[in-house]
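Here is how the chains run, residue by residue.
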Amino acid sequence: MVDPLYAWWAQQLVLCEWAFEPEPIMIETDAATARLAELGVMESGELGWRLIEALRTGSPDPARLLAGLELVALAGAAGWLTETRARHWALRLTDEITGHFASLDAWHEALLHAKSAEGWVRGDDVFWEACEALAALEHQGEGITWELIAEWVTHHRRKPLSLWPDGPGEGVWRLRAAFAPLPGLPAARPDGPEGEEARRWLSHDWQLEDRTALIQNLLWMAGQGQRHGWDLDATRLLQAQGDARGQWRESLGEAEQDYGQVMLDFIDKGEPLEWAAWDWLRMVDLAWLGICAGWLTLDEGHDFAVHAADLLQRRYSDWSALARSYQRGRSLFEGSNCLADMARDWELLLGSPVSPWRVPLQELLDEQEKQASRQAVAEWRRSARHWVLALASVREPELAMRQGLLQPLPQARRDDALQYLQETLGLYPDEGIEALARYWLPAQAHHLNQLAADAAHSALPPSDTPFGRPALADLGSLAALKQGSRHAATIHMAEKYAFYLQMAMDSEAFDPTALEALAESLRGTLSRFYPDARRLLEAWAQWEALLPEGEHPPLVNEIRWHLDDPGSPFHWLDWRSTQWQEPGPRPTLSRFTAMALVGPLNSAAWSEPHRESEREAASIHEWIDSHYGLHGQAELIEFLDFLLEAGDRQDYQINYAPYTLNAQRLASEIAMLDSGDLSEEDRNHLLRLQRVRDNTDGCNELDMTAWDIAQAVDLAIAGRQLGWLDESAFASVLERSHALAAAHYGGWRAYASGLHAGFSFFMGDTPERESFLEGFRQALVAWLSGAPPLAGAWASLDFPGARPSHWAPQHIDTLPGDTRTLH
């Protein structure tokens, strides 16, 4: 039985100088491919554009319609179109022809007119002869008549035509029409010309040379891309005042000046500052090329493409919004505003009745596809290493390029990481991975959470202290902590820890298995405190705003970018706690309180002390030797016992307190010493007698046991760092110090006064005395008031032996042993 469409089609191909062939797509493949090349159609993307152009809206172009019939036949023969799809395209083209031309003569006349417009002159010509021959056949009733084919097409018009991939899981590739409308599906042909061309394109245009780099780039485009930097620039520019915008552009390098001008033009004209489609559409293109190059399996490439489509659907309601977003991104990338070319660049895709984008954007995927893709993308980021990367990349965005498969790092990067660890942290490989525990600060998180809870209930310590008041700015920072009361503060120190951990990984100078275990611990801890990415990022942004780092601008904009962007890696991490083992030990609340007794004699101890390297130990040993003359474990333990049992307070009681009862004897002693040359020891004795006479800083009235306690804790921490005290001995010193403080004082204010009096009284002869005392008093103000918040821990802790006086935080991010008290 004669197929009316094929018969009609074959007849029209005669006009293209074809021999009459009842099966138009049955010519030899090589001949079809060669003819396509002659017509300038080297690949299926160009075929797609030609077919869409043939059926563009408006007055029909008969020459393009006829050329379309030929291209479809050739593409079907070459294997670029399936037989069904080739038939559907032929049917659609025939529908257009019969719908616009009333008869075969009208069709031929239009073709002849089109030929004339191309410079063809009617005469003895194959085309003219073919037209007349086909007309004669119809008039004699020996061909497929115009009426018959028109009626047949009308009958079949009611059936859906599959012009583009539309089977299960195929619709996503319609997105690649932004670069080339493809009537077929990607196929891995690594050994053929398609694979060779794909690899050339990947190398030349993307600078990608292998599968690992391709996957890393796909994950980067999904999770960060170029939009990240553009978004942050736009956010800062919107916040800029006065001449800051112009200064920003001037600060850009010469190569970025045009980009800067386009960005400023968008802002000035009120253009939406959104361009994510630039990343996500190109991601689809990259996935297609990866399949063709043989670097991705069809399933892998499909999952990446669906992930891009999933993100696009979350951001855009329709194709027009998507296209304009892409055009903005292209403008920024090229440094030239392309929005004026919007209609010209996107007319065919947005307006053609046969565009692959005629399907609504939101109907491109089914739920099963999306779920499978989400699982696949999450699988690429399954390892705990990706938690470290995600956290560290907020400070160093380039790290986002390292997602997916591991790739060897350049030596320069390893050297830079090692230099950072040594110069910034004082961390050396010979210390081992255990040294990283010193940067895990759970007590600091507890302190911040407690201050935030107290601030929320207006229960912060009094700002007036025996030593003065904090600066207004510091008090404001403290009061503002109430804004963080709903957010666990562990992320504030954990993100810094993650960055240090990433540097240790990059240095490749530490045990990789141990580093992986620390990453797993980090994941487990954060998953426990924050149930999802939104909670973690909101907490991070809040605490970052509350505790800016001095000279470094806050990372709030960077953090909130990840909160708002659906592709951010944070939303695709493996959010589960497989274990409850923190990267470093978490001290009990009473132990933290005991360590806090050191006060401003040293920096706040936010974590358990750890054995230091020989390099660091030498410095600690020198300090102990120069200040106390201690040279080993036995001497340290003996001196600690002395401090806790008698200490400098006993020296005062024996050698100076009696003078307070006999002013005449005190004056005589001072006069005698002040009249001659003195040794250093006698000089210090004279100074102390003068302080007794003047009751300097209340030395005759205040209990100076705090001075001995603080020294004991300070030395015990140093002894633990040197390895001179084991865990049991260290715990014993802390317990004795805790008990001694509770026995002598009722609160931190009294303890601070005693500590200050002891510090002042027993200070040796030094010209810096007044500056030392002033600095110590300022530190005591900060420790007592909690302003600034990270100066010290007293403001968040109940004094040893005192009744609980703090509000319980709203979350579990606290030290064990915390007393829950209802107020």
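A quick note: this is a predicted structure, and the numbers were derived from the prediction, not measured.

Undergrad: Summarise the nonpolar core; cite the residues concerned and give the values.
TA: With 124 residues, the main nonpolar core has W9, W107, L175, M263 and L322 as its most contacted residues. The leading source of residues in this core is helix α14 (residues 277-293), at 13 residues. One finds L389, L427, M493 and V781 within the second-largest nonpolar core, a separate group that totals 123 residues.

Undergrad: Residues and numbers for the packing of aromatic side chains, please.
TA: Counting across every chain of the model gives 36 aromatic pairs. Ring geometry for W387 and W575: centres 4.4 Å apart, planes at 40 degrees, overall tilted. Here W575 lies in the loop between α26 (556-564) and α27 (589-596) and W387 lies in helix α19 (residues 385-393), a separation of 188 residues in the sequence. No difference in accessibility class separates W387 from W575, as the two residues are buried. In this structure an aromatic cluster arises from ring pairing among F179, W278, W319, Y326, F333, W346 and W357. Directly above the aromatic system of Y428 lies the positively charged group of R615, at a separation of 3.5 Å from the ring centroid.

Undergrad: Before we move on, could you go through the packing of helix α16 (residues 319-334) against helix α17 (residues 342-351) and cite the residues and values that matter?
TA: Interhelical geometry of α16 versus α17 gives an angle of 145 degrees and a closest axis separation of 11 Å. Of the two elements, α16 crosses α17, and the hand of that crossing is right-handed. Packed against α16, whose contacting residues are W319, S320, A323, R324, Y326, Q327 and R330, the element α17 presents M342, D345, W346 and L350 at the interface.

Undergrad: Outline the confidence of the model for the protein, supporting the account with residue identities and numerical values.
TA: When pLDDT is averaged along the protein, the result is 91, and 96% of the positions lie at 70 or above. The secondary structure element of the protein with the lowest average pLDDT is helix α7 (residues 126-139), at 68, and the one with the highest is α16, at 98. Ignoring residues within four places in sequence, the model shows residues 818-823, a span with pLDDT below 50, making 13 contacts including any to other chains.

Undergrad: Kindly report on the pattern of salt bridges, identifying the contributing residues and their values.
TA: As enumerated under the stated definition, the model contains 54 salt bridges in all. Residue E271 pairs with R324 through a salt bridge whose shortest N-O separation is 3.0 Å. With E271 in the loop between α13 (257-268) and α14 and R324 in helix α16, this residue pair connects regions lying 53 residues apart in the sequence. Judged by its relative accessible area of 14%, E271 falls in the buried class. The residue D279 makes a salt bridge to R282 at a minimum N-O spacing of 3.6 Å. Residue D279 and its partner R282 are both found in helix α14; the two are separated by three residues, about one turn of the helix. Exposure remark for D279: the relative accessible area of 0% places this residue in the buried category.

Undergrad: How would you sum up helix α23 (residues 490-507)? Please name residues and give values.
TA: If you check α23, its first and last C-alpha atoms are 26 Å apart, about what 18 residues at 1.5 Å a residue would give, namely 26 Å. Judged by how many residues are buried, α23 sits mostly within the fold: 18 of 18 residues are covered. Immediately beyond the C-terminal end of α23, within one or two residues, lies E508, with a positive phi of roughly 55 degrees.

Undergrad: Give a detailed account of the side chain of E96, specifying residues and quantitative values.
TA: Among the structural elements, E96 can be located in helix α5 (residues 83-100). When residues no more than four places from it in sequence are discounted, the contact partners of E96 are L55 and L65.

Undergrad: Outline the environment of A412, supporting the account with residue identities and numerical values.
TA: Its location among the elements puts A412 in helix α20 (residues 411-425). As for A412 and S507, which are separated by 95 residues in sequence, their C-alpha atoms are 9.7 Å apart.

Undergrad: Outline the packing of helix α21 (residues 442-456) against α23, supporting the account with residue identities and numerical values.
TA: At a minimum axis distance of 8 Å, the contact between α21 and α23 shows a crossing angle of 150 degrees. Judged by the inter-axis angle, α21 sits roughly antiparallel to α23. In contact with P442, Q444, A445 and L448 of α21, α23 contributes T490, H492 and M493. Its residues assigned to classes, the contact of α21 with α23 comprises four nonpolar, three polar and no charged.

Reading the values: rules and limits
Residues numbered from 1 in each chain as written. Predicted model: local features only at pLDDT ≥ 70, side-chain atom pairs only at ≥ 80, totals over all residues. Heavy atoms only, no water. Core = buried A, V, L, I, M, F, W, Y, C linked by side-chain atoms within 4.5 Å. Buried < 20%, exposed > 50% of the residue type's maximum accessible area, 1.4 Å probe, protein only. Helix = DSSP H or I, 4+ residues; strand = E, 2+ residues; numbered from the N terminus. Phe/Tyr/Trp six-rings, centres within 6.5 Å; stacked < 30°, edge-to-face > 60°. Lys NZ or Arg CZ within 6 Å of the ring centre and 35° of its normal. Axes fitted to C-alpha atoms, helices over the stretch in contact; angles between N-to-C directions. Left-handed = near helix turned anticlockwise from the far one by under 90°. Contact = heavy atoms within 4.5 Å. pLDDT = per-residue confidence, 0-100. Salt bridge = Lys/Arg side-chain N within 4 Å of Asp/Glu carboxyl O. Expected span 1.5 Å × (residues − 1). Parallel < 35°, antiparallel > 145°, perpendicular 65-115°, else oblique. Nonpolar A, V, L, I, M, F, W, Y, C, P; charged D, E, K, R; others polar.

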